[in-house]
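# Coordinate inspection notes
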Amino acid sequence: GGGIIAQGASSLDNNVVLVKYDSSGNAQWARTVTAGSGRSVFNSVSVASDGSVYAAGYVTGTGAYNFGNSKAVTGAFTGDNLVLVKYDSFGTAQWAQTATAGMSASRFHSVSAAPDGSVYAAGYFTGTGTYNFGSGVTVASTFADDNLVLVKYDSTGPAQWAQTAVGGNGGSVFNGVSVAPDNTVYGAGGITGTGTYNFGSDVTAAGTYANLYNIVLVK
């Protein structure tokens, strides 16, 4: 509306879109990919106290995806690759991050900007290989299916740390993340089966249902 338009780069599949509205519902600007070889999706958005906007999701394939302002990522896997993009309040992309190494699919399902300026993105990666989020931050799991993941980035883009779960007997995923005013971080999602999952620091959880997901909340 109001002459605000977006046109994706892929004519055959989904293209990310981020739209800013004013408090009366009038569109201010819209952003998508300016270049990309396949599907791209934003699953979550969070606004920081300084007006910066973070959008998280995934891009498909090993081609380059450009989010404007020459901020681009190139996926490491032929399937889905997680992505986190920072925009300023005017819709100008500031940086974009993905996994620089990984053996299979990965997605971010949720993002939350923290009061201290950092940002947290949560989702999953697949398989037992090592995933590199840049700046020497890596994570690997012991399970061949989906593995939940939480990554902390600073406001300028570099990853600070990444966490997953070890053990268990099935897939795990984070569907949501939220940061409290004291910068405490909460991840919510599911773990599969009745095995014990270790989230680090000897914090564990075991589901009661053997066949599908059991809810999990981790602080």
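Up top is the structure these notes are about.
A brief report on the enclosed structure follows.

What follows covers the sheet that holds strand β7 (residues 80–87). Spatial strand order, β3-β4-β7-β8: four strands in an open sheet with antiparallel pairing. Looking at strand neighbours, the two that pair on one side only are β3 (40–47) and β8 (93–98), the edges of this open sheet. Sheet twist, expressed as the mean angle between neighbouring strand axes with direction ignored, is 20°. Bridge count for strand β4 (residues 53–60) against β7 is eight bridges, and the pairing is antiparallel. The residue bridging Tyr 58 from the neighbouring strand is Leu 82, located in β7.

Moving on, we come to the pairing of strand β1 (residues 18–21). As defined by bridge partners, β1 adjoins strand β2 (residues 27–31) across four bridges and the pair is classed as antiparallel. Bridge pairing links Leu 18 to Arg 31 in β2. The loop that links β1 with its antiparallel partner β2 comprises five residues; one of these, Gly 25, has a positive phi angle of about 90°.

Let's shift gears to the sheet that holds strand β16 (residues 172–179). An order of β16-β17-β20 is seen for the three strands of this open sheet, with the pairing classed as antiparallel. Looking at which strands have only one partner, the edges of the open sheet turn out to be β16 and β20 (213–218). Ignoring which end each strand starts from, the neighbouring axes of this sheet average 15° apart. Examined bridge by bridge, strand β17 (residues 185–192) and β20 share six bridges and lie antiparallel to one another. Paired with Gly 190 across the strands is Ile 215, a residue of β20.

This part covers the layout of surface pockets. Looking at the largest pocket, its volume works out to about 290 Å³. If you list the elements that add at least two residues to the lining of the largest pocket, you get β13 (146–153), β14 (159–163) and β17.

Per the counting criterion, the structure on display carries five aromatic pairs. A centroid spacing of 4.7 Å and a plane angle of 50° characterise the contact between Phe 125 and Tyr 131, whose relative ring orientation is tilted. Tyr 131 sits in the buried class, given a relative accessible area of 1%. Three or more aromatic residues joined by ring pairs form one cluster here, namely Tyr 54, Trp 95 and Tyr 153. The ring centre of Tyr 58 lies 3.9 Å from the NZ or CZ of Arg 107, which sits over that ring.

Here Asn 15 is to be found in the segment before β1. Taking the relative accessible area as the measure of exposure, Asn 15 reaches 23% and is therefore partly exposed. Contacts of Asn 15, omitting those with residues within four sequence positions, involve Gly 8, Ala 9, Ser 10, Thr 32, Val 33 and Ser 40. Within the structure, Asn 15 has its side chain in polar contact with the backbone nitrogen of Ala 9 (distance 3.1 Å). Polar contacts involving the side chain of Asn 15 include one to the main-chain carbonyl oxygen of Asp 13, which spans 3.3 Å.

The next thing to look at is unusual backbone geometry. Of note in the backbone geometry, Ser 135 takes a positive phi value of approximately 60° without being a glycine. In this structure, Ser 135 sits in the loop between β11 (130–132) and β12 (138–140). For Ser 201, which is not a glycine, the phi torsion comes out positive at approximately 55°. Residue classification places Ser 201 among the exposed residues on the basis of a relative accessible area of 73%.

Parameters and conventions
Residues numbered from 1 in each chain as written. Predicted model: local features only at pLDDT ≥ 70, side-chain atom pairs only at ≥ 80, totals over all residues. Heavy atoms only, no water. Pairing = 2+ DSSP bridges. Helix = DSSP H or I, 4+ residues; strand = E, 2+ residues; numbered from the N terminus. Axes fitted to C-alpha atoms, helices over the stretch in contact; angles between N-to-C directions. 1 Å grid on protein atoms, 1.4 Å probe; cavity = no way out; pocket = protein on both sides within 12 Å on 5 of 7 lines; lining within 4 Å. Points joined across faces, edges and corners; volume = space filled by probe spheres on them. Phe/Tyr/Trp six-rings, centres within 6.5 Å; stacked < 30°, edge-to-face > 60°. Buried < 20%, exposed > 50% of the residue type's maximum accessible area, 1.4 Å probe, protein only. Lys NZ or Arg CZ within 6 Å of the ring centre and 35° of its normal. Contact = heavy atoms within 4.5 Å. Polar contact = N/O pair within 3.5 Å; in protein donor to acceptor, adjacent residues only side chain to side chain.

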